[in-house]
Amino acid sequence: MITLKRTIAVATTAGLFALAGATGAQAAEPTTPVVKKVALTPEQKAAHEAAKAAHKASHGARKAAHEAAKPAIESARATFKAARDAATTPEAKKAAHDAFKAAVATAKAGMPAKPVKPVRP
């Protein structure tokens, strides 16, 4: 009886290792084809460099607009905190919060959209 149990245990273990080995071999196979980089033509390279420069410029403009909006948002936040502390009713607190949200929305309206990175052709 003990020999039968050992034989079953060995067979089960061998089957599990065989199954795991097959699964591991399938996982090791590459799933996506390897894309080889090709040399760009001078026109493609110039276009890509121009796109990178435009992206860098728009990123800088967005960053500058963000820095310019910071003082306005901080001022609105200070005004909101003072108005909230002075408010005695929930309606007054809500009005102060709505005014703060409107000031932030106005400040953010002047910011350009986030630029999209150029893709290598």
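A quick note: this is a predicted structure, and the numbers were derived from the prediction, not measured.

**Q** Provide a residue-level description of the packing of aromatic side chains, including the pertinent values.
**A** Applying the stated criterion to the full structure yields one aromatic pair. Arranged with centres 5.2 Å apart and planes meeting at 20°, the rings of Phe-80 and Phe-100 form a pair that is stacked. Here Phe-80 is found in helix α2 (residues 42-86), whereas its partner Phe-100 is found in helix α3 (residues 90-109), with 20 residues between them in sequence. The burial state of Phe-80 is the same as that of Phe-100; both residues are buried.

**Q** Any chance you could break down the nonpolar core for me, citing the residues and the numbers?
**A** A general feature of soluble globular proteins is that nonpolar side chains tend to end up buried together. The biggest cluster of nonpolar side chains holds ten residues, and these are Ala-65, Ala-69, Ile-73, Ala-76, Phe-80, Ala-96, Phe-100, Val-104, Ala-107 and Met-111. Residue assignment for this core shows that the elements contributing at least two residues are α2 and α3. No other element matches the five residues that α2 contributes to this core. Residues within four places of Phe-100 in sequence aside, it is in contact with Ile-73, Ala-76, Arg-77 and Phe-80.

**Q** Quick rundown of the packing of α2 against α3? Include the residues and the values.
**A** Orientation of α2 relative to α3, taken along the N-to-C sense of each, is 180°, at an axis distance of 9 Å. One way to sum up the angle between α2 and α3 is to call them roughly antiparallel. Only Lys-93, Ala-96, His-97, Phe-100, Ala-103, Val-104 and Ala-107 of α3 make contact with α2, whose side of the interface consists of Ala-69, Ile-73, Ala-76, Arg-77, Phe-80, Ala-83 and Arg-84.

**Q** Describe the environment of Ala-95, listing the residues and the values that go with them.
**A** Here Ala-95 shows up in helix α3. Among the residues examined, Ala-95 registers a relative accessible area of 47% and is labelled partly exposed. As for Ala-95 and Arg-84, which are separated by eleven residues in sequence, their C-alpha atoms are 9.0 Å apart.

**Q** So, the environment of Ala-87: which residues are in play, and what are the values?
**A** With respect to the helices, strands and loops of the structure, Ala-87 is situated in the loop between α2 and α3. Ignoring anything within four residues of it in the chain, the contact list for Ala-87 reads Ala-92 and Lys-93.

Rules of the game
- Residues numbered from 1 in each chain as written.
- Predicted model: local features only at pLDDT ≥ 70, side-chain atom pairs only at ≥ 80, totals over all residues.
- Heavy atoms only, no water.
- Phe/Tyr/Trp six-rings, centres within 6.5 Å; stacked < 30°, edge-to-face > 60°.
- Helix = DSSP H or I, 4+ residues; strand = E, 2+ residues; numbered from the N terminus.
- Buried < 20%, exposed > 50% of the residue type's maximum accessible area, 1.4 Å probe, protein only.
- Core = buried A, V, L, I, M, F, W, Y, C linked by side-chain atoms within 4.5 Å.
- Contact = heavy atoms within 4.5 Å.
- Axes fitted to C-alpha atoms, helices over the stretch in contact; angles between N-to-C directions.
- Parallel < 35°, antiparallel > 145°, perpendicular 65-115°, else oblique.

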